Amino acid sequence: MKKICVVELKSGNHSVAELCKYANPKINEVLLFTTSFLLSNIKNDLGQDLKFIKIVVKDDNKSFYSFVQLINRTCYQNVDLLILNTVSRWEFLFLKPNCPTAAYFYSLNFWFRDLKSSIGIFKNFFQFNYLNFLSWFPNRWHANPYFGYMIRKKILKKIDGIIVEYPPFVDLLKDNYNVSKPVYFLPKRSYSNTTTTKLINKTVYVIPGMISQVRREYDLVLDAFQNIPKEIQSSIKLIILGRPIKKYGLKIIERLKKLDKSAIEIEYFTKFISHEKFSQSLLQADVIIAPIKLNYYSGIINEKFTYTKGTGTFHDMLRYSKLTLVPSVYNVSKEFEDCFIKYRDSSELSSLIVELSTNENQISKQKELTSETIKKYSLINVQLMFEKLYEI
């Protein structure tokens, strides 16, 4: 039996519950260090495993520094592995565990690119003012232009093994970033193998995620649906599975209202969507559409989705075993090529939608190929992948 400590102090609600399951709490001793707020969000996700996990909740009246010291003391008591699910606080500078330590890193440029260049410092100096210099250190160290690099470098020295959420990142860190520490791929979600009875006799397409201009190109998708021939519109349903963000999100909602006047059935939301509704909609769907944008900026740091930063698209595809349509710039991992179909523009996306909606054999074949690939990532198989972390 192994003793494993899992730490989550900021976010990653559903992924930290999945990580605890990967540690196999029915066999091993699993301790979860978290906050009362996060615990309330993941209890349902933990399900029956909750009773096998020892939960250590941060006292709201005490500092994060004191909680990190508690983690340190615990890790001096024959702990086999400490895992940080989200390295999100500068207090991890004081982490001194007497055991092998692994951590997820979700943004590779952010953590591993050298930011000490004079050009980077120059850009930072003029991008942020004096008040930010004073206030960003304790609250937003990860984006702090003056201290961020030094803090990240010191925290990285405390980590023995690096976990990434997308297979191509393993070779990328070794070949392009010269990372000498062991790197492991461990998906944030496993295949759920949950089945449901389809409620309507239509081909259902879903776009999961908030309607954000930063991450997705919704206009292109709506252009594609507007070009669907009228004779097959009634056989299609589109679900926008996310609430609108700022003016862009509201603009997309207005376009959806106009599209809803066609024969295509449209479902969209203007408020927060519960996890239950989110999951049920994905289970009912036939195809995921993921119109992601390639570039993502954090301060002056540029990340590229699927190249240096992961996406929720991959994990939704993996968990729900859904064929996924993605832009041509999407970096599809070789072992998951059967799960994705690429499109170059709205016209090509429109043609794909028509083909999948009218050719039952085609969509059935694609679903079978996706399912065969995804079965390899059932919870039992991912638990075996997790055991490789004991080599650290």
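Note that the structure is a prediction, hence the values are computed from the model and not measured.

1. Some thoughts on the overall build of the chain
- From N to C terminus, the chain includes 16 helices and 15 strands.
- Here the chain holds 392 residues, and 53% of them are scored as buried.
- Sequence-distant contacts in the chain: of pairs separated by 6 or more residues, those separated by 24 or more amount to 71%.
- Summing over all exposed atoms, the chain offers an accessible surface of approximately 19,000 Å²; the carbon and sulfur share of this is 51%.

2. A few points about the nonpolar core
- Core analysis: the largest hydrophobic core is formed by 81 residues, its most contacted members being F112 and F386.
- By residue number, the principal contributor to this core is helix α1 (residues 13-22), which donates five residues.
- Excluding its chain neighbours within four sequence positions, the residues that come into contact with F386 are I4, L19, Y22, A23, L81, I83 and L186.
- Counting 31 residues, the second-largest nonpolar core is a separate cluster that includes I207, V287, L323 and L352.

3. Looking at the side chain of R189
- For R189, the location among the structural elements is in the loop between β7 (183-185) and β8 (203-208).
- Despite being buried, R189 has no salt bridge partner; E18 is the closest side chain of opposite charge, sitting 4.2 Å away.
- With near-sequence residues (within four places) excluded, R189 lies in contact with H14, E18, Y22, H275, H315, L318 and R319.

4. What about unusual backbone geometry?
- For K246, which is not glycine, the phi torsion reads 55° and is therefore positive.
- Of note, K246 is situated in helix α11 (residues 246-259).
- Even without being glycine, T306 reaches a positive phi, approximately 75°.
- Mapped onto the fold, T306 is located in the loop between β13 (301-304) and α13 (312-320).

5. Things to note about the pairing of strand β14 (residues 323-327)
- Burial analysis of β14 places five of its five residues in the buried class, the great majority of the element.
- Taken together, the four bridges between β14 and strand β15 (residues 340-343) define a ladder with parallel strand orientation. Residue pairing in the sheet places L325 in a bridge with I341 of β15.

6. Focus on the confidence of the model for the chain
- Residues of the chain with pLDDT of at least 70 account for 89%, and the chain-wide mean is 87.
- The low-confidence segment residues 125-146 (pLDDT under 50) makes 34 contacts with residues lying over four places distant or belonging to another chain.

7. Topic: empty space enclosed by the protein
- In total, this model carries one cavity of 30 Å³ or more according to the counting rule given.
- In the lining of the largest cavity, the residues fall into three nonpolar, four polar and two charged.

8. As for the sheet that holds strand β5 (residues 101-104)
- A sheet is described by the order of its strands in space; here seven strands give the open sequence β3-β2-β1-β4-β5-β6-β7, paired in parallel fashion. Strands with a single pairing partner mark the edges of an open sheet, and in this sheet they are β3 (53-57) and β7. Looking at each pair of strands side by side, their axes are set apart by 20° on average, direction ignored.
- Pairing of strand β1 (residues 3-7) with strand β2 (residues 29-34) involves five bridges; the strand directions are parallel. Along β2, the bridge assignment pairs V7 with F33.
- Strand contacts of helix α8 (residues 168-175): β6 (161-164) and β7, with the helix running at about 165° to β7, the strand carrying the most contacts.

Calculation notes
Residues numbered from 1 in each chain as written. Predicted model: local features only at pLDDT ≥ 70, side-chain atom pairs only at ≥ 80, totals over all residues. Heavy atoms only, no water. Helix = DSSP H or I, 4+ residues; strand = E, 2+ residues; numbered from the N terminus. Buried < 20%, exposed > 50% of the residue type's maximum accessible area, 1.4 Å probe, protein only. Contact = heavy atoms within 4.5 Å. Areas by Shrake-Rupley, 256 points an atom, 1.4 Å probe, with all protein chains shown as cover. Core = buried A, V, L, I, M, F, W, Y, C linked by side-chain atoms within 4.5 Å. Lys, Arg positive; Asp, Glu negative; His and termini not counted. Salt bridge = Lys/Arg side-chain N within 4 Å of Asp/Glu carboxyl O. Pairing = 2+ DSSP bridges. pLDDT = per-residue confidence, 0-100. 1 Å grid on protein atoms, 1.4 Å probe; cavity = no way out; pocket = protein on both sides within 12 Å on 5 of 7 lines; lining within 4 Å. Points joined across faces, edges and corners; volume = space filled by probe spheres on them. Nonpolar A, V, L, I, M, F, W, Y, C, P; charged D, E, K, R; others polar. Axes fitted to C-alpha atoms, helices over the stretch in contact; angles between N-to-C directions.

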